[in-house]
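Here is what each chain is made of, one letter per residue.
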4 protein chains.
Amino acid sequence: MSESMRECCGLFGVYDADSAIEKTYIGLMSLQHRGEESAGVACTDGRRMDGHVGMGLVPDVFNQNTVDRFKPFRSAIGHVRYSTLGSSTIKNAQPLLINLRGKPIAVALNGQITNAATLRKEYEDKGSIFTTSTDTEVILHVLADPRHASLQDAFEHSLCHLEGSFCLLFLTPKEMIAVRDPHGFKPLCLGQQGNTWAVSSESCAFDHAGFRFTREVEPGEIVKINRFGLDARRFAPKECPRSHCIFELIYFARDDSYIFGRSVYSYRKALGRALALESGVEAEMVMSVPSGGDSAALGYHEESGIPLEHGFVRNRYIGRTFIRPADLERAKLADLKLNAVSDVIKGKRVVVVDDSIVRGTTSRSRIGLIKQAGAKEVHVRITCPPLKHTCHYGIDMQQDEDLIAAQYDPRQIERFLAVDSLHYLEFDSMLDCLGDARNDFCVACFKGNYPVKLRDKVCKEQLG
Amino acid sequence: MSESMRECCGLFGVYDADSAIEKTYIGLMSLQHRGEESAGVACTDGRRMDGHVGMGLVPDVFNQNTVDRFKPFRSAIGHVRYSTLGSSTIKNAQPLLINLRGKPIAVALNGQITNAATLRKEYEDKGSIFTTSTDTEVILHVLADPRHASLQDAFEHSLCHLEGSFCLLFLTPKEMIAVRDPHGFKPLCLGQQGNTWAVSSESCAFDHAGFRFTREVEPGEIVKINRFGLDARRFAPKECPRSHCIFELIYFARDDSYIFGRSVYSYRKALGRALALESGVEAEMVMSVPSGGDSAALGYHEESGIPLEHGFVRNRYIGRTFIRPADLERAKLADLKLNAVSDVIKGKRVVVVDDSIVRGTTSRSRIGLIKQAGAKEVHVRITCPPLKHTCHYGIDMQQDEDLIAAQYDPRQIERFLAVDSLHYLEFDSMLDCLGDARNDFCVACFKGNYPVKLRDKVCKEQLG
Amino acid sequence: MSESMRECCGLFGVYDADSAIEKTYIGLMSLQHRGEESAGVACTDGRRMDGHVGMGLVPDVFNQNTVDRFKPFRSAIGHVRYSTLGSSTIKNAQPLLINLRGKPIAVALNGQITNAATLRKEYEDKGSIFTTSTDTEVILHVLADPRHASLQDAFEHSLCHLEGSFCLLFLTPKEMIAVRDPHGFKPLCLGQQGNTWAVSSESCAFDHAGFRFTREVEPGEIVKINRFGLDARRFAPKECPRSHCIFELIYFARDDSYIFGRSVYSYRKALGRALALESGVEAEMVMSVPSGGDSAALGYHEESGIPLEHGFVRNRYIGRTFIRPADLERAKLADLKLNAVSDVIKGKRVVVVDDSIVRGTTSRSRIGLIKQAGAKEVHVRITCPPLKHTCHYGIDMQQDEDLIAAQYDPRQIERFLAVDSLHYLEFDSMLDCLGDARNDFCVACFKGNYPVKLRDKVCKEQLG
Amino acid sequence: MSESMRECCGLFGVYDADSAIEKTYIGLMSLQHRGEESAGVACTDGRRMDGHVGMGLVPDVFNQNTVDRFKPFRSAIGHVRYSTLGSSTIKNAQPLLINLRGKPIAVALNGQITNAATLRKEYEDKGSIFTTSTDTEVILHVLADPRHASLQDAFEHSLCHLEGSFCLLFLTPKEMIAVRDPHGFKPLCLGQQGNTWAVSSESCAFDHAGFRFTREVEPGEIVKINRFGLDARRFAPKECPRSHCIFELIYFARDDSYIFGRSVYSYRKALGRALALESGVEAEMVMSVPSGGDSAALGYHEESGIPLEHGFVRNRYIGRTFIRPADLERAKLADLKLNAVSDVIKGKRVVVVDDSIVRGTTSRSRIGLIKQAGAKEVHVRITCPPLKHTCHYGIDMQQDEDLIAAQYDPRQIERFLAVDSLHYLEFDSMLDCLGDARNDFCVACFKGNYPVKLRDKVCKEQLG
């Protein structure tokens, strides 16, 4: 229905801190863009654990009662979620809080386990039962496997059985544990405030919650935080090839985050500059489709010298989650989000910078507003190559057949959008902006080269 | 508690149209910034009238049931509201739908009647009773006065008894009537789609609802729309001095609106340019406090040549109406709205453009973020002169004593904000940007020269 | 849709008492059967007044916040309501709290003003406006009439202008005033706890709220309660004929109330005894349709000696206000309220006692349950004569044409119900049970002899 | 807080029927007294399964959306629940819907597994994880045990591992399975409508949902219902001693149910008759504490010839689940439920029949009302012996120390209640009313002789 792609989850945790629940609330609010469907926390006071999950946005799930109930607890992990797999029900909301080997443990996942079905079948055959349809429950069964003498052992030996992308955050009465898969698909970072540690999917949450960004959790690393401090180990070799999700940088992460070793804002500006160099066009103004194209439009303006204008005004009351009466005509309500300022657009040749074209219908509708506002010419510039292949590592994207670029070439899409020109950033330009790290990213959504086989091999070696 | 000023109301109406309730819904959504406290509509099918009001934002008040219930109606007026006077209760929500001389009539007001108390006393002495504390009910009593032989007469003779600012929208089964006070304090404009007419506080609502902006309702004009078309008359002489609210242009109206004969976006860019000319400073970047300072920052950047950066990232999930658990520390949650991008700010001399400083505390907190992000110098530029006097014409501002500029001079405020420099736009520069219309605006909030006496005189002449 | 008759309102007030809001809450809970549609209170602390109304049952309308907000107030009046006239909206909920002659006053009504339309027209012609469609607002306009020099005067002279049935409860910062119409259509009584006075539609509310029943407010009496105590006067002559609503005794009031000078429970038992004497039949058991027929069935059992059985079991989770998913078949859900105990009914000749047959469909459905449970014979006994004429004095009854007894004679209804015999109590027997007061009751719903003319005359004399 | 005992669960299921969800809804509404805390259903259309659970009463959990969503399904099982063990959260609501051996299965339980902790530990050691704290999840782990070659095998061999009381209802896409423990603690019965079968905890639900009571599920029986019809087998020997819960007959079940081979209504009348014979007293009236004592009071009246009166009037708006503002004084609100009719009680010697005294405070408060109403003497008669021992088989009773009869003898309780006499029915009289079945009942709450050992033995034999 909507044509946007959706990140599947965000994680935030804090260990042994004053106002732990408040910090977690603030952290989750800052990661809300990573999951709008459900939210939850699990807390501990060092002995007992308690938790709360609910459907909806963070403020829908956490009311005064919840905050009061969890106030005494000094450690907490939180989660925001979309459903990529499994139905969208309260049962699947996270963190999951269960008893493992007789002791309580909570866990939250950002990612997608590609061999979850195999593992699930294997454990069901052994007599295990599954009460949710989440990958997270599969991970718990792996950890509960009696082949491992202890939970400690389980952590050291079982993570290699998991294939795919996974950032995990565990909480027990005695420690908080952060895990990142060997390829580093998803971002995960560590923050510090005095002696207190926090973990977050994106660094922007630290700024709000009062932590200082320290470093990223390394791919293949397991970081335990307890009263003795921070203990970091590897469960996969350092030389394992990296596959950071390039779409986090282009599309998902917030402009003010620092992930995969770089500033999101700066990378996006660099993409805009590269677009200007690569596909110059005579125009009187450049504008962005807010808010995805904002930083890149600034880069384009700087490189090209074409004046920047705020051609779209955003209705700040309409979030992604705006619930409308069903009968109101949908097209008109989509328009409610943005309005084109005709006073500035009229009679001009306009460069429009955006971060993606997914199914194409929303783009067409928005560009229609610019033309109605009187633009003489419209030139669309996209900050990445055509998006042709769906993601299997945790992004809730359309099926291949729904991606317009999987079906049509750029010239056809140009005609579909009815614009004067359309240019996608060249694949190599996108990588060039990454500098030395150009080979450390998963680009499967552009090329179809899923980094799966490689990972399988790594894990088998580890397992042995 | 909050330091923002608040517009008190927004009006939208449509006469004899398909999907009248949907168009009104869309119109009100586009005017939501003019009133977040309650919303309502009154509708007619040409014979009977019905209405619905509720507390909260437009989507809170209008659910599927409401839309279904009003679908058959072809005419509707709607209202969004803050309470400036009277308590904030459902009873005071508008439109008011009553029986006047045995016939149903609905009315909605944007403005403030400065002699409402006097009129109320006068009518109570005659035996009238008041069930709300709104100015709107006072207006209805004036219209119901049996001295007027008919409602027609009442409209022609009674409006002059009203002092202050008022845009009124009436609906009866047979017509929709728009009225604007003789001084034109508040904006009100007409839109057209084929033979169908609409009325709106701001033109941006027409873009969304599918109407073309036609013209503004003139100050002192009464516009009746019925099945014979549009009939416009004057109830006050054309030469009556104008007192457009300059704060609508600077602060309240949406960037994409056209009011008081000019584009809001362009005026704000002009203010930014004027600021750059008037208070140049050496700096590496200019940024805005979103979203109020966005257009002006662009103007500043153009005039000064200093690079523009999006120094603040906005959390798009936090609206003005974000309801937080009471115990979460307030300061931290204010921060949740905006985060400074340290990657771009660090080590730079920064010019920050904003549209106002009201009480000063929010400004200080936001500028604090910029400094925490590593700015070397911070230079604040405000797009208007110091705000010293409260408004009596419909804006819910702080009391005089709460306005920081009423108590302190700019140098003191500069120290309070702890910035390297602070500059307010000169009063004359602000007017210069208005061109020939420089004398048609109410500037009482800057100068204290309330245009009250003048209006009284006009009305008395009329009354005779 | 439902075939029940509905009382239109209940009143409860308390003056200068600890926990006034709590006592009022308890009072309204005890009067809930008199109005399930909206509820409200108005309170005063001796200086200012405040109020709250809402749609729904008392516990829906009064939550913790409301109770907390009104805790400091020592005087309160409350109201529960059905809409007989006017639409069912929050605007019409009571008490109405307004400014009258510059002073706040709250008022609540139980009854129906039969000349409300005339009065309304008269005041609209004088320039008054009406914001609700309630009779209560009409009463306020009568009181506000500037012909009366003071509110005191107004009370003394204006009540005679009101025709129909009315119990009124007023609250001002200084006093609580109870008024009952000259005919005494509706019940209203006074309770005492030490020096504290309370007013209630029915005495049962006093038992729960901690008051002792003192006496009824007399027809034509106005009772003022203030810091000097209780002051009672007449505004209509004592000899004015009485017209107590006999249906209050038969149907509406609670069994545990004492109204119109008698115990409701005892009167109902007497009706059951009269039925047994008048229409004896051989049977193995007598049972009631709960809860309306309970007391009368007991009387029938005592008089006839036929064993009493609880033939129906009630599902205590299904109130009158049970909201069901629309698609669940309605017939089946009606059945959910009552289930017949086949173990006791099977093979028996059964006398069924009920208090009324309105449209006939619910009676038929319930008697169907008894037959399905295996009754050999079913003999229906109704505790009043056939109900043929609708009420104009405040009961929300069906239109004449919807009353089955207005269309069919008892033999036809007997066939419609498919029972072995049906008997309505004789008109004279019903009156005989009233003893000396047999002529003091309104029996218009049985006979059509509305006591209107008589009342008009009285009032005119008064007015002179 | 409340002194009532609470049944823990109710079950209702229907296989291959039109309007299955509606019938289940009606069934659960009729069983609402067995669990007010949460409700749920699981449905199947023969291929896929879906479910919904929620906190609250049945109408709170099932709104129109739920009914619409499940309309296409022709088989459903439903559950209402109190929490006896485990916390009261949505996670523990039933039916549980999981994947077992790769196939979906739903299960709901009424009862309490006395060896749940042991089994849980055993399975956790094998690597199983538990996501709820319910006995029901333990049962699923037993069924999932890989020692059983198939689910069929599991059903036949694993049920004997379960100790305690259990009625189970399973649903798979292909069949509905009903199981009752070998001792028959809890009631469970079969109903039929043409070829369609239903299962219910109590027969009253069949009357409402349109089924005819056929027979009870036998203790130790497993009944499978699928497209081939009904297949009943035993998993425990028929001669296993029975332990029907006598408190179901005395207290929990609805008067209109037929369970444990007898009519609840008739048994209760017989208890009342026995009381009259055993503890005659001179009195002018007998009355019940509604609704628990209603049937027994009737029996007492018949046997003694003392006139029956409805001495208490019930406020029908106050259910067990009435949620009150916290500050309203609790004592007064308890009174709101019942009011004593002083007109009938005053000056009389009164026999009061009730079904139990748990903690004693509610009884004292209610009897206080009778005395305030003017009773000359009050004689309390209880339809069972003193309640001294808590239940371990599924009733949420007070701890032993909270049961007044565990601490005090009847004479002391008589003084605590301040009544003229108190008599508990003799233990043997209670059993005499059961006739030949007098030894088939669990009377542990009176005698402390928990029938646990016996059951252990049976199960072990079975297991072998």
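None of these values were measured; they are calculated from a predicted model.

S.K.: Lay out the state of the cysteines with the relevant residues and their values.
M.R.: Evaluation of the coordinates by the stated rule reveals zero disulfides over all chains. Here D:Cys167 stays free of any disulfide, with the sulfur of D:Cys189 as its closest cysteine sulfur at 9.6 Å.

S.K.: Any details on the domain arrangement of chain A? Residues and values, ideally.
M.R.: All names here are of chain A. Split into domains, chain A comes out as domain 1 (9-258) and domain 2 (265-433). Relative placement of domain 1 and domain 2: their C-alpha centres are 34 Å apart. With 23 residues of domain 1 at the contact, the number on the domain 2 side is 19 residues. Buried surface at the junction of domain 1 and domain 2, both sides included, amounts to about 1,900 Å², of which 58% is carbon and sulfur. Seen at the junction of domain 1 and domain 2, the total is one salt bridge. Here Asp255 ties to Arg268 by a salt bridge, and the two come within 2.7 Å at their closest N and O atoms. Applying the counting criterion to the domain 1 and domain 2 interface returns eight residue pairs in polar contact (both at pLDDT 80 or more). Contributing elements (two or more residues each) for the side of domain 1 that touches domain 2: strand S7 (103-113) and helix H8 (246-252).

S.K.: Any chance you could break down the interface of chain A and chain D for me, citing the residues and the numbers?
M.R.: How big an interface is tends to be expressed through the accessible area that disappears when the partners come together. Across the boundary between the two partners, chain A contributes 21 residues, which contact 21 residues of chain D. Taking both partners together, chain A and chain D bury about 1,700 Å²; carbon and sulfur atoms supply 56% of that area. Its largest share of buried area at the contact with chain D, chain A owes to A:Glu124, A:Ile129 and A:Thr131, together 32% of the area lost on that side. Linking chain A with chain D are zero salt bridges. Inspection of the region where chain A meets chain D yields one residue pair in polar contact (both at pLDDT 80 or more). Counting only elements with at least two residues in the side of chain A that touches chain D, the list comes to strand S6 (96-100), helix H4 (116-125) and helix H5 (135-144) of chain A. Per-class residue counts for the side of chain A that touches chain D are eight nonpolar, six polar and seven charged.

S.K.: Tell me about the relation of the copies chain A and chain D, residues and numbers included.
M.R.: Between chain A and chain D, which share one sequence, the superposing operator has a rotation angle of 179 degrees and an axial displacement of 0.1 Å; the RMSD is 0.0 Å. Given the turn and translation reported, the copies of this chain are related as if by a two-fold rotation axis. By C-alpha distance to the rotation axis, the residue of chain A lying nearest is A:Ser128, at 2.8 Å. Same-surface contact between copies: 100% of interface residues of chain A are shared with the interface of chain D.

S.K.: Give a description of the relation of the copies chain B and chain A that names residues and reports values.
M.R.: Expressed as a screw operation, the relation of chain B to chain A combines 0.0 Å of axial shift with a rotation of 180 degrees, fitting to an RMSD of 0.0 Å. A share of 100% of interface residues in chain B that are also interface residues in chain A marks the association as one of identical surfaces.

S.K.: Explain a positive patch on the surface to me, using residue names and the numbers behind them.
M.R.: Taken together, C:Arg314, C:Arg316, D:Arg314 and D:Arg316 make up a surface patch of like positive charges. Along the chain, the position of D:Arg314 falls in strand S19 (residues 312-314).

S.K.: Describe unusual backbone geometry, naming the residues involved and giving the relevant values.
M.R.: All names here are of chain B. Cis geometry is found at the peptide bond from Pro290 to Ser291, where omega equals -15 degrees. Here Ser291 shows up in the loop between strand S18 (285-288) and helix H10 (294-304). Unlike most non-glycine residues, Asp16 shows phi in positive territory, near 50 degrees. You can call Asp16 partly exposed: its relative accessible area is 38%.

Criteria and thresholds
Residues numbered from 1 in each chain as written. Chains lettered and ligands numbered in written order. Predicted model: local features only at pLDDT ≥ 70, side-chain atom pairs only at ≥ 80, totals over all residues. Heavy atoms only, no water. Disulfide = S-S within 2.5 Å. Domains from an automatic or database assignment. Contact = heavy atoms within 4.5 Å. Buried area = accessible area lost by both parts, 1.4 Å probe. Salt bridge = Lys/Arg side-chain N within 4 Å of Asp/Glu carboxyl O. Polar contact = N/O pair within 3.5 Å; in protein donor to acceptor, adjacent residues only side chain to side chain. Helix = DSSP H or I, 4+ residues; strand = E, 2+ residues; numbered from the N terminus. Nonpolar A, V, L, I, M, F, W, Y, C, P; charged D, E, K, R; others polar. Least-squares fit on C-alpha atoms with pLDDT ≥ 70 in both. Patch = residues over 30% accessible without salt bridge, like charges linked within 9 Å, V, L, I, M, F, W, Y side chains within 5 Å. Areas by Shrake-Rupley, 256 points an atom, 1.4 Å probe, with all protein chains shown as cover. Lys, Arg positive; Asp, Glu negative; His and termini not counted. Charge placed at Lys NZ, Arg CZ, Asp CG, Glu CD. Buried < 20%, exposed > 50% of the residue type's maximum accessible area, 1.4 Å probe, protein only.

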